[in-house]
Amino acid sequence: MFPQYEKVIDPGSFNEANVEEIIKASPDMIFVGVSSPEGNKKIEEAGFPTYTMWIGWAAIDTLKQEFLNIGTIMGNEAQAQKLVAYWDEKLAALDKILAKVPESERKKVYYTGADITKANTSDWAWTFIEEAGGVSAIKKGTTGAVNVEVILDADPDVIVTQGGNGTAGILQDQRIQSLKAVKNKGVYECPIAAFWWDRPSPEALLGFMWLAQTLYPEYTKDIDLKKETKYLFSEFYNYQLSDEEYDSFFVHKKK
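Notes on the structure follow. In this text the structure is predicted, and so the values were computed from the model without any measurement.

1. Topic: the overall build of the protein chain
The helix and strand tally for the protein chain stands at 11 helices and 6 strands. Against the compact-globule benchmark of 18 Å for 255 residues, the protein chain has a radius of gyration of 20 Å, which places it among compact chains. Each of the three principal axes of the protein chain carries a C-alpha extent, and together these read 55 × 40 × 30 Å. A burial count over the protein chain gives 42% of its 255 residues as buried. Taking the contacts inside the protein chain whose residues are at least 6 apart along the sequence as the reference set, 59% of them involve residues at least 24 apart. Between the averaged position of the 27 positive side-chain charges in the protein chain and that of its 38 negative side-chain charges there is a distance of 6 Å.

2. Regarding the nonpolar core
If you look at the biggest cluster of nonpolar residues, it comprises 45 residues, and the most contacted ones within it are Trp87, Trp124, Phe128, Val160, Trp197, Phe208 and Trp210. Broken down by secondary-structure element, the contributors of at least two residues to this core are α3 (60-73), α4 (77-98), β3 (108-112), α5 (123-131), β5 (158-161), α9 (204-215) and α10 (225-236). A total of 9 residues in this core trace back to one element, the largest contributor, which is α9. Discounting residues that sit within four places of it in the chain, Trp87 has contacts with Ile60, Leu63, Lys64, Phe67, Trp124, Ser201, Pro202, Ala204, Leu205 and Phe208.

3. Side note on the side chain of Asn40
Structurally, Asn40 can be placed in helix α2 (residues 37-45). Not counting the four nearest positions on each side in its chain, Asn40 is found in contact with Val32 and Gly33.

4. Some words on the pattern of salt bridges
By the definition in use, this model includes 14 salt bridges. A salt bridge links Lys180 to Asp157; the shortest N-O distance between them is 4.0 Å. Here the residue Lys180 occupies a position in helix α8 (residues 180-183), and Asp157 occupies one in the loop between α6 (148-154) and β5, the gap between them amounting to 23 residues. We classify Asp157 as partly exposed; its relative accessible area is 23%.

5. Some words on the sheet that holds strand β6 (residues 187-189)
Pairing is parallel in the open sheet, where 4 strands are placed in the order β4-β3-β5-β6. Looking along the sheet, the strands with just one partner apiece sit at the ends: β4 (135-136) and β6. Where β5 lies against β6, 3 bridges are found, and the strand directions are parallel. Following the sheet pairing, Thr161 is matched in β6 by Glu189.

6. Side note on α2
Residues spaced three or four apart along an α-helix point in a common direction, a consequence of the helix completing one turn every 3.6 residues. Looking at α2, one finds that the buried residues are Gly39, Asn40 and Ile43. Down the axis of α2, the smallest arc covering the buried residues is 100 degrees, so these residues share one side. Among the exposed residues of α2, those oriented more than 90 degrees off its buried face are Pro37, Glu38, Lys41 and Glu45. Elements that come into contact with the buried residues of α2 comprise α1 (19-25), β1 (30-33) and β2 (50-53). Downstream of α2 by one or two residues, Gly47 has phi in the positive range, about 95 degrees.

7. Considering α10
Given a rise of 1.5 Å per residue, 12 residues ought to cover 16 Å, and the 16 Å separating the end C-alpha atoms of α10 matches this to within 8%. Listed in full, the buried residues belonging to α10 are Leu225, Glu228, Thr229, Leu232, Phe233 and Phe236. The arc that holds every buried residue of α10, seen down its axis, measures 130 degrees, which confines them to one face. On the buried face of α10, the contacting elements are α4, α9 and α11 (243-248). Following α10 by one or two positions, Asn238 has its phi on the positive side, about 55 degrees.

8. A look at the environment of Thr72
Examined against the element boundaries, Thr72 turns out to sit in helix α3. When its relative accessible area of 46% is taken as the criterion, Thr72 is described as partly exposed. The spatial distance from the C-alpha of Thr72 to the C-alpha of Tyr216 is 38 Å, given a sequence separation of 144 residues.

9. So, the pairing of β2
As paired strands, β1 and β2 are joined by 4 bridges and run parallel to one another. When the sheet's bridge partners are listed, Ile30 is paired in β2 with Thr50. You can see the chain leave β1, run along α2 and come back into β2, and the turn it takes is right-handed.

10. Overview of the side chain of Glu228
As for its placement among the helices and strands, Glu228 is situated in helix α10. Excluding anything up to four places from it in sequence, Glu228 contacts Tyr86, Lys90, Leu206 and Met209.

Conventions adopted
- Residues numbered from 1 in each chain as written.
- Predicted model: local features only at pLDDT ≥ 70, side-chain atom pairs only at ≥ 80, totals over all residues.
- Heavy atoms only, no water.
- Helix = DSSP H or I, 4+ residues; strand = E, 2+ residues; numbered from the N terminus.
- Rg over C-alpha atoms; globule rule 2.2 N^0.38 Å.
- Buried < 20%, exposed > 50% of the residue type's maximum accessible area, 1.4 Å probe, protein only.
- Contact = heavy atoms within 4.5 Å.
- Lys, Arg positive; Asp, Glu negative; His and termini not counted.
- Charge placed at Lys NZ, Arg CZ, Asp CG, Glu CD.
- Core = buried A, V, L, I, M, F, W, Y, C linked by side-chain atoms within 4.5 Å.
- Salt bridge = Lys/Arg side-chain N within 4 Å of Asp/Glu carboxyl O.
- Pairing = 2+ DSSP bridges.
- Arc of directions from axis to C-beta.
- Expected span 1.5 Å × (residues − 1).
- Right-handed = clockwise from strand over helix to strand, strands pointing away.

This is the structure:
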């Protein structure tokens, strides 16, 4: 999408940031993550101004505020405000749709990596599930690996793997063949577009829509995900997305 980035210096990231390479690039501003205090300190000690981002620890409100803050830093407040307004409009519309789903039809969702025990338990994980109208199959606030017996007891309706982790490992895992999600082939890999749709970014809104459609197809027929995706790419990335590119985001359809 942005081929010019192939020539940009790679100074590392997070705690592995290479200050010497950063100095060579001579940036005006550096965006750093909240999870790498050591790397951030090295950058600040080298004299560079930083803005700390919440990355996987964001919530919807903090993410929208980041859009606005970065718009201010970059001198593009109007575009940032437009992005936040788009989020507000689409989240309100999604909430209205999902309000029609009876509690008795709410799907239990287990969100994991390639291995069934590698549950994603970042703060955003709960947001990802809840904004799509799902109910987490494991207790909110769980950290670390999850025992297989806990997953068997939860018996999720749907399993979502992080983008890039595939679904084959879950579907073929002999330990969990009794799960509803496995028996019903309700195992899906989250799309990856310019960024993962299950992580905080401008595209995370599309991830909510995708998961809501995956969980409740009968209630979400009015959501035109292709239209919304093409709009977001055109309006906020200044990129005209082709049908073929759009289709390539959904790896699970090919399995």
